[in-house]
Amino acid sequence: MAERAALEELVRLQGERVRGLKQQKASAEQIEEEVAKLLKLKAQLGPDEGKQKFVLKTPKGTRDYSPRQMAVREKVFDVIVSCFKRHGAEVIDTPVFELKETLTGKYGEDSKLIYDLKDQGGELLSLRYDLTVPFARYLAMNKLTNIKRYHIAKDFDIAGQFDPMIPDAECLKIMCEILSSLQIGDFLVKVNDRRILDGMFAICGVPDSKFRTICSSVDKLDKVSWEEVKNEMVGEKGLAPKVADRIGDYVQQHGGVSLVEQLLQDPELSQNKQALEGLGDLKILFEYLTLFGIADKISFDLSLARGLDYYTGVIYEAVLLQTPVRAGEEPLGVGSVAAGGRYDGLVGMFDPKGRKVPCVGLSIGVERIFSIVEQRLEALEEKVRTTETQVLVASAQKKLLEERLRLVSELWDAGIKAELLYKKNPKLLNQLQYCEEAGIPLVVIIGEQELKDGVIKLRSVASREEVDVRREDLVEEIKRRTSQPFCIC
Amino acid sequence: MAERAALEELVRLQGERVRGLKQQKASAEQIEEEVAKLLKLKAQLGPDEGKQKFVLKTPKGTRDYSPRQMAVREKVFDVIVSCFKRHGAEVIDTPVFELKETLTGKYGEDSKLIYDLKDQGGELLSLRYDLTVPFARYLAMNKLTNIKRYHIAKVYRRDNPAMTRGRYREFYQCDFDIAGQFDPMIPDAECLKIMCEILSSLQIGDFLVKVNDRRILDGMFAICGVPDSKFRTICSSVDKLDKVSWEEVKNEMVGEKGLAPKVADRIGDYVQQHGGVSLVEQLLQDPELSQNKQALEGLGDLKILFEYLTLFGIADKISFDLSLARGLDYYTGVIYEAVLLQTPVRAGEEPLGVGSVAAGGRYDGLVGMFDPKGRKVPCVGLSIGVERIFSIVEQRLEALEEKVRTTETQVLASHWWSSSVSRSSRTGSSSSAQWPAGKRWMSEEKTLWKKSKGEQASPFASAELSKLSANWDWHYLRLRRLCIYT
């Protein structure tokens, strides 16, 4: 370390020398000579000289969560998890990586986005790409035929053979409850069905082999115009223009249960068995959603195609309708904040006997929601506390550390959230300032005179009102004040 | 997928054909011809034919958490987090992987246990090995000079897992750290207070916290005559004194590590000592140790520490133990480790096997390794070994439940019978032989359970039951038992 530091110092000095010579417009040969010395020194440092000795960052695409961001995250997770629990879900957890073969063949084109672990002589591993495939693996491994579970505060799934559309409706109900509770603005849930999509493509004349790729074009309709989508289908993906037009007639439609009814009467679509199944199920679904009181938030949208290969039935996606910002500010570009669907074939891919366990579920886009909530709080300039401390134990004069330590320990033992400054003789002003910065509502101030009298000052940081409390009554008094719903502090 | 399934079907049929021909004792050429076809088909399937199509497992050293295990986990985390919050800590989170260079050179020999990500053309990444190095990186990156934070997250080590009692490759750590330049030993004392509060609240049995100091160790080795180059390796021998005898440790130091026997003996005089603050005082008077500047610093700080621990009311749980050496290289001052004293089991049952359940210390030089200007930020912290605690709590719960199950079945059955008889006579129902269903069952069962607590004939269960219901989620236990009955 010391040698390198010395070398770097030499490089620095030599660099200055060269710069100096150039400024003084010294002779070309002299400059060249000194530059050669500089390059030689740099070469000794090694190939990474010039770059910063050390790159201080998180990996690309990842980030730390500061205490403030964690406070936001905790609030959001609380809302989500209490909703999952309210619906009777158990919670499971799976490892962050899986055997590579577990994930192989499940994600289609997205497989290239999977992080693999280095082959270090053992099993081949990959980081999990989502929580759904690990869930299917868990079901097959434990030979479970039904379970209602959530995974972190993100994913909720119902596995099992049940009467049609009831669990599907519950998933949508959960999504609506969560998005309402989070108060991030108005939202809409688009609903469609894989079978309707496939049936529609079939009757429009899309070749089987192009189903998936046409699907992903259609899915872009929420972001770009029909013209652009049509151009992509015809121009890039080789679809016949007539076929594209016929698709266009369908996919630009969206509505409520009346659209379902309408399509059930559609002369061509009603000839397609798959589409009929899908439409029939959607009809039932809308009945249940009405009973759940959320039908007004649901839109049957024929352009919803959704990425993942493993969906087999109903699919849904929630989008925010307006960006909740102040007038004049940049609108938040948001896309979907939650999504999901039915995937009946996934567990069967894992089960050695190919036993099917039908599943339906949803995933909350928590990262996006964090951003929105964070921005909202910033816009409102709401102060978010990052600790829950209720009391600071302070001293008014010097040489009172012992008393502070004894008192703060008493408070901790009584379950009170308390802190003290790590200084033997802190100034009272600094201690009060600490309270204000951290949002601590109460401060107890130990003073020499008060000690003799057997009392302690209890002060409200916000109002600055102070009372003397007898030492033996202090814990009670603090508990009383901090248990009020709106802290009378 | 469909093609493979078809191929496998063909292989199966061809295999049957071959078996059939052999049974019929067909001609050798015919059999050979069909076998050749079979092999060709198998070859098309690829090298992994013959094995099960798919291996259904989690990676070695990792596990899923079932709902039951999650309930245990949530309960344990609740206790830990509320203690951290009570002490005013903020919380942070960092990514599960770091740049490989962030982790390089921080873990000494243990570096070979780090999981690397495959080089896929971008940055070279590794899964985090602990939460301390990411913390130091976070501090340096955000140019923070002081923070009190906790962090609960999974870390990854390519260890040889002994999954029997909580040794995994993916496991949780609960870390609490105080970073900043403060008056000596106050934050260090608070860390020990936190450790004691948590271990008490978890009610996993009596525990002891061993305390020592890197400077005392180094000073002691110096005056005993240990060569500088052997410090770390002698350290790790001394650390084994909690598991093996002094004889064995001495043999390792002399026999394997080439230490002079006389030096080993002198070490032995010190490291077999442990006690309270009186031992600190005694060593401060030790003619040789008191000549060593480092040791004096360490002893002086321990004296202050013991004063504070007394004011915190935990001095009786702390033992100054000269044999505590602890693994990690980055400790610079006080080090500590909490061990369970007795295994909380019933007579006749398998002991749980204890080791350390929490540990930590002061590490003043780590952040400086990350800071571009080498600015130092002193840190002290602790880590709770939750996986071990999960195992202990799970075992305790199982042991308890087994007794509860067997006892209650008898008691509940008789209670249910008498109450159901009276109920069916009220409603005129003839289904008195069936278990009642649904919500009614839940509230009835609650009453029955409470009754059974009081009317236990068995001496063992009621104390345990009431302790259980006071400490743990009664609701959870009730649901567990519901699963057994219905």
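Here the structure is a predicted model, which is why all the values come from computation and not from measurement. (Residues numbered from 1 in each chain as written. Chains lettered and ligands numbered in written order. Predicted model: local features only at pLDDT ≥ 70, side-chain atom pairs only at ≥ 80, totals over all residues. Heavy atoms only, no water.)

### Here we look at the UniProt feature "binding site: L-histidine" (unreviewed entry) in chain A
Residues and elements named next belong to chain A.
Moving on, step 1. Taking the numbering used here, the UniProt-annotated feature "binding site: L-histidine" (unreviewed entry) corresponds to Asp130, Leu131, Thr132, Asp157, Arg306, Tyr310 and Tyr311.
Moving on, step 2. Secondary-structure assignment places aspartate 130 in the loop between strand S3 (125–127) and helix H5 (132–141).
Moving on, step 3. Polar contacts involving the side chain of aspartate 130 include one to the side chain of tyrosine 107, which spans 2.7 Å.
Moving on, step 4. Within the secondary structure layout, tyrosine 310 lies in the loop between strand S8 (298–301) and strand S9 (314–320).
Moving on, step 5. When sequence neighbours within four positions are dropped, the list of residues in contact with tyrosine 310 reads Lys106, Tyr107, Asp130, Thr132, Val133, Arg342, Tyr343 and Leu346. (UniProt positions renumbered as here; feature names shortened; annotations may be inferred. Helix = DSSP H or I, 4+ residues; strand = E, 2+ residues; numbered from the N terminus. Polar contact = N/O pair within 3.5 Å; in protein donor to acceptor, adjacent residues only side chain to side chain. Contact = heavy atoms within 4.5 Å.)

### Looking at the sheet that holds strand S15 (residues 455–460) of chain A
All names here are of chain A.
Moving on, step 1. Strand order in the open sheet formed by five strands is S13-S12-S14-S15-S16, and the pairing between neighbours is mixed. Strands with a single pairing partner mark the edges of an open sheet, and in this sheet they are strand S13 (418–420) and strand S16 (466–470). Ignoring strand direction, the axes of neighbouring strands in this sheet form an average angle of 30°.
Moving on, step 2. Across five bridges, the pairing between S15 and S16 is antiparallel. The residue bridging lysine 457 from the neighbouring strand is aspartate 468, located in S16.
Moving on, step 3. Sitting on the sheet, helix H16 (residues 428–438) touches strand S12 (391–395), S13, strand S14 (442–446) and S15, and the angle it makes with S12 is about 175°.
Moving on, step 4. Contacting S12, S14, S15 and S16, helix H18 (residues 474–482) runs over the sheet at an angle of about 160° to S14. (Pairing = 2+ DSSP bridges. Axes fitted to C-alpha atoms, helices over the stretch in contact; angles between N-to-C directions.)

### Focus on the UniProt feature "coiled-coil region" (unreviewed entry) in chain A
Moving on, step 1. The feature "coiled-coil region" (unreviewed entry), as given by UniProt, occupies residues 370–397 of chain A in the numbering adopted here.
Moving on, step 2. Span residues 370–397 of chain A is 39% helix and 18% strand, its end C-alpha atoms 44 Å apart.

### Brief notes about the packing of aromatic side chains
All names here are of chain B.
Moving on, step 1. Applying the stated criterion to the full structure yields 23 aromatic pairs over all chains.
Moving on, step 2. Aromatic rings pair up to connect Tyr65, Phe77, Tyr172 and Phe390 into one cluster.
Moving on, step 3. Over the face of the ring belonging to phenylalanine 135 we find arginine 149, whose NZ or CZ atom lies 4.0 Å from the ring centre. (Phe/Tyr/Trp six-rings, centres within 6.5 Å; stacked < 30°, edge-to-face > 60°. Lys NZ or Arg CZ within 6 Å of the ring centre and 35° of its normal.)

### Some remarks on helix H5 (residues 132–141) of chain B
Moving on, step 1. In terms of burial, H5(B) is a largely internal element, nine of the ten residues being buried.
Moving on, step 2. Phi turns positive one or two residues past the end of H5(B), at B:Lys143, with a value near 50°. (Buried < 20%, exposed > 50% of the residue type's maximum accessible area, 1.4 Å probe, protein only.)

### Looking at the state of the cysteines
Moving on, step 1. One pass over the structure, following the stated rule, counts zero disulfides over all chains.
Moving on, step 2. Counting only cysteine sulfurs, A:Cys171 is the nearest neighbor of A:Cys359, a cysteine outside any disulfide, at a range of 10 Å.
Moving on, step 3. Considering cysteine sulfurs only, B:Cys191 is the nearest to B:Cys379, which forms no disulfide, with 10 Å between them. (Disulfide = S-S within 2.5 Å.)

### Thoughts on unusual backbone geometry
Peptide bonds are, in most cases, trans, and in most cases residues other than glycine have a negative phi.
Moving on, step 1. Look at A:Arg464: it is not a glycine, yet its phi comes out positive at around 65°.
Moving on, step 2. In this structure, A:Arg464 sits in the loop between S15 and S16.
Moving on, step 3. For A:Arg464, a relative accessible area of 57% gives the class exposed.
Moving on, step 4. Located in the positive-phi region is B:Lys143, a residue other than glycine, with phi close to 50°.
Moving on, step 5. Looking at the element boundaries, B:Lys143 is found in the loop between H5 and strand S4 (147–156).

### Remarks on the environment of A:Leu304
All names here are of chain A.
Moving on, step 1. Note that leucine 304 resides in the loop between S8 and S9.
Moving on, step 2. Overall, the relative accessible area of 2% leaves leucine 304 in the buried class.
Moving on, step 3. Separated by 183 residues in the primary sequence, leucine 304 and glycine 121 have C-alpha atoms spaced 44 Å apart.
Moving on, step 4. Contacts of leucine 304, omitting those with residues within four sequence positions, involve Lys190, Val191, Asn192, Leu197, Asp219, Ile315, Tyr316 and Glu317.

### Regarding the environment of A:Cys171
Residues and elements named next belong to chain A.
Moving on, step 1. Secondary-structure assignment places cysteine 171 in helix H6 (residues 166–182).
Moving on, step 2. With 135 residues separating them along the chain, cysteine 171 and alanine 36 place their C-alpha atoms 71 Å apart.
Moving on, step 3. If we ignore the near neighbours within four places in the chain, the residues touching cysteine 171 are Phe156, Ile158, Tyr316, Val360, Gly361 and Leu362.

### Quick notes on the sheet that holds strand S10 (residues 336–342) of chain A
Residue and element names in this part refer to chain A.
Moving on, step 1. Overall, mixed pairing links the nine strands, which are arranged S1-S4-S5-S11-S10-S9-S6-S8-S7 in an open sheet. Edge positions in the sheet fall to strand S1 (90–92) and strand S7 (254–255), since each has one partner strand and no second.
Moving on, step 2. As paired elements, strand S6 (residues 187–193) and S9 share seven bridges and run antiparallel to each other. Bridge pairing in S9 places aspartate 193 opposite valine 314.

### So, the domain arrangement of chain B
Moving on, step 1. Per the domain assignment, the segments making up chain B are domain 1 (1–45) and domain 2 (67–400).
Moving on, step 2. Each of domain 1 of chain B and domain 2 of chain B was reduced to a C-alpha centroid, and the two centroids are 62 Å apart. (Domains from an automatic or database assignment.)

### Here we look at the pattern of salt bridges
Moving on, step 1. The final tally for this structure, using the stated rule, is 67 salt bridges over all chains.
Moving on, step 2. One salt bridge connects A:Lys417 with A:Glu388, and the closest N-O pair in it is separated by 2.7 Å. Here A:Lys417 is found in the loop between helix H15 (401–413) and S13, whereas its partner A:Glu388 is found in the loop between helix H14 (366–380) and S12, with 29 residues between them in sequence.
Moving on, step 3. Taking relative accessible area as the criterion, A:Lys417 reaches 21% and is therefore assigned partly exposed.
Moving on, step 4. Looking at A:Glu388, the relative accessible area reads 35%, which means it is partly exposed.
Moving on, step 5. Taking the shortest distance from any N to any O, the salt bridge between B:Asp177 and B:Arg149 comes out at 2.9 Å. On the criterion of sequence distance, the pair formed by B:Asp177 in strand S5 (residues 170–179) and B:Arg149 in strand S4 is long-range, its members being 28 residues apart.
Moving on, step 6. A relative accessible area of 2% means that B:Asp177 is categorised as buried.
Moving on, step 7. In the salt-bridge network here, residues are joined through shared partners; they are A:Glu450, A:Lys457, A:Arg459, A:Glu466 and A:Asp468. (Salt bridge = Lys/Arg side-chain N within 4 Å of Asp/Glu carboxyl O.)

### Points about the environment of A:Met175
Residue and element names in this part refer to chain A.
Moving on, step 1. Summarising the element assignment, methionine 175 is placed in helix H6.
Moving on, step 2. Judged by relative accessible area, methionine 175 falls into the buried class, the value being 0%.
Moving on, step 3. Distance from methionine 175 to valine 444, taken between C-alpha atoms, is 46 Å for residues 269 residues apart in sequence.
Moving on, step 4. Leaving out residues up to four positions away in the same chain, methionine 175 has contacts with Val189, Tyr316, Glu317, Ala318, Ala338, Ala339 and Leu362.

### What to know about the interface of chain A and chain B
Moving on, step 1. Counting from both sides, the interface comprises 70 residues of chain A and, opposite them, 69 residues of chain B.
Moving on, step 2. Of all residues in chain A, A:Leu56, A:Trp412 and A:Tyr422 bury the most surface against chain B, accounting for 14% of the area lost on that side.
Moving on, step 3. Our count for the chain A to chain B interface comes out at 14 salt bridges.
Moving on, step 4. Among the elements that take part in the side of chain A that touches chain B, H15(A) stands out by supplying eight residues, more than any other.
Moving on, step 5. Looking at the side of chain A that touches chain B residue by residue, the class counts come to 33 nonpolar, 14 polar and 23 charged. (Buried area = accessible area lost by both parts, 1.4 Å probe. Nonpolar A, V, L, I, M, F, W, Y, C, P; charged D, E, K, R; others polar.)

### Describing a positive patch on the surface
Residues and elements named next belong to chain A.
Moving on, step 1. Positive charge collects at one region of the surface, where Lys398, Lys399, Lys423 and Lys427 lie side by side.
Moving on, step 2. Here lysine 398 lies in the loop between S12 and H15.
Moving on, step 3. A relative accessible area of 60% places lysine 398 in the exposed class. (Patch = residues over 30% accessible without salt bridge, like charges linked within 9 Å, V, L, I, M, F, W, Y side chains within 5 Å. Areas by Shrake-Rupley, 256 points an atom, 1.4 Å probe, with all protein chains shown as cover. Lys, Arg positive; Asp, Glu negative; His and termini not counted. Charge placed at Lys NZ, Arg CZ, Asp CG, Glu CD.)

### Section: the confidence of the model for chain B
Residues and elements named next belong to chain B.
Moving on, step 1. Overall, the prediction assigns chain B a mean pLDDT of 80, with 76% of residues at 70 or greater.
Moving on, step 2. Taken as a whole, residues 48–52 scores under 50 in pLDDT and shows three contacts with residues more than four places along the chain or in a different chain.
Moving on, step 3. Model confidence for the complex is summarised by a pTM of 0.78, with the ipTM given as 0.82. (pLDDT = per-residue confidence, 0-100.)

### Looking at the side chain of B:Gln69
Residue and element names in this part refer to chain B.
Moving on, step 1. Counting through the fold element by element, glutamine 69 comes out in helix H3 (residues 67–86).
Moving on, step 2. Of note is the side chain of glutamine 69, whose polar atom sits 2.9 Å from the backbone nitrogen of serine 66.
Moving on, step 3. Each residue touching glutamine 69, except ones within four places of it in the same chain, is listed here: Arg63, Asp64 and Glu394.

### Considering the packing of helix H11 (residues 277–285) of chain B against helix H12 (residues 293–311) of chain B
All names here are of chain B.
Moving on, step 1. Viewed as axis vectors pointing N to C, H11 and H12 meet at an angle of 150°, and their least axial separation amounts to 10 Å. When the interaxial angle is binned, H11 and H12 end up roughly antiparallel. Every pair of crossing elements has a handedness; the one defined by H11 and H12 is left-handed. In this structure, H11 contributes Val277, Val280, Glu281, Leu283 and Leu284 to the contact, and H12 contributes Leu296, Leu299, Gly300, Leu302, Lys303 and Phe306.
Moving on, step 2. When its residues are assigned to classes, the contact of H11 with H12 shows eight nonpolar, one polar and two charged. (Parallel < 35°, antiparallel > 145°, perpendicular 65-115°, else oblique. Left-handed = near helix turned anticlockwise from the far one by under 90°.)

### So, the pairing of strand S9 (residues 334–340) of chain B
Residues and elements named next belong to chain B.
Moving on, step 1. Most of S9 sits inside the fold, with seven of its seven residues counted as buried.
Moving on, step 2. The alternating pattern of S9 places Val334, Tyr336, Ala338 and Leu340 and Ile335, Glu337 and Val339 on opposite faces, both of which are buried.
Moving on, step 3. Two strands pair when backbone bridges link them, and strand S6 (residues 207–213) and S9 are joined in this way by seven bridges, in the antiparallel orientation. The partner of valine 209 across the bridge, within S9, is alanine 338.

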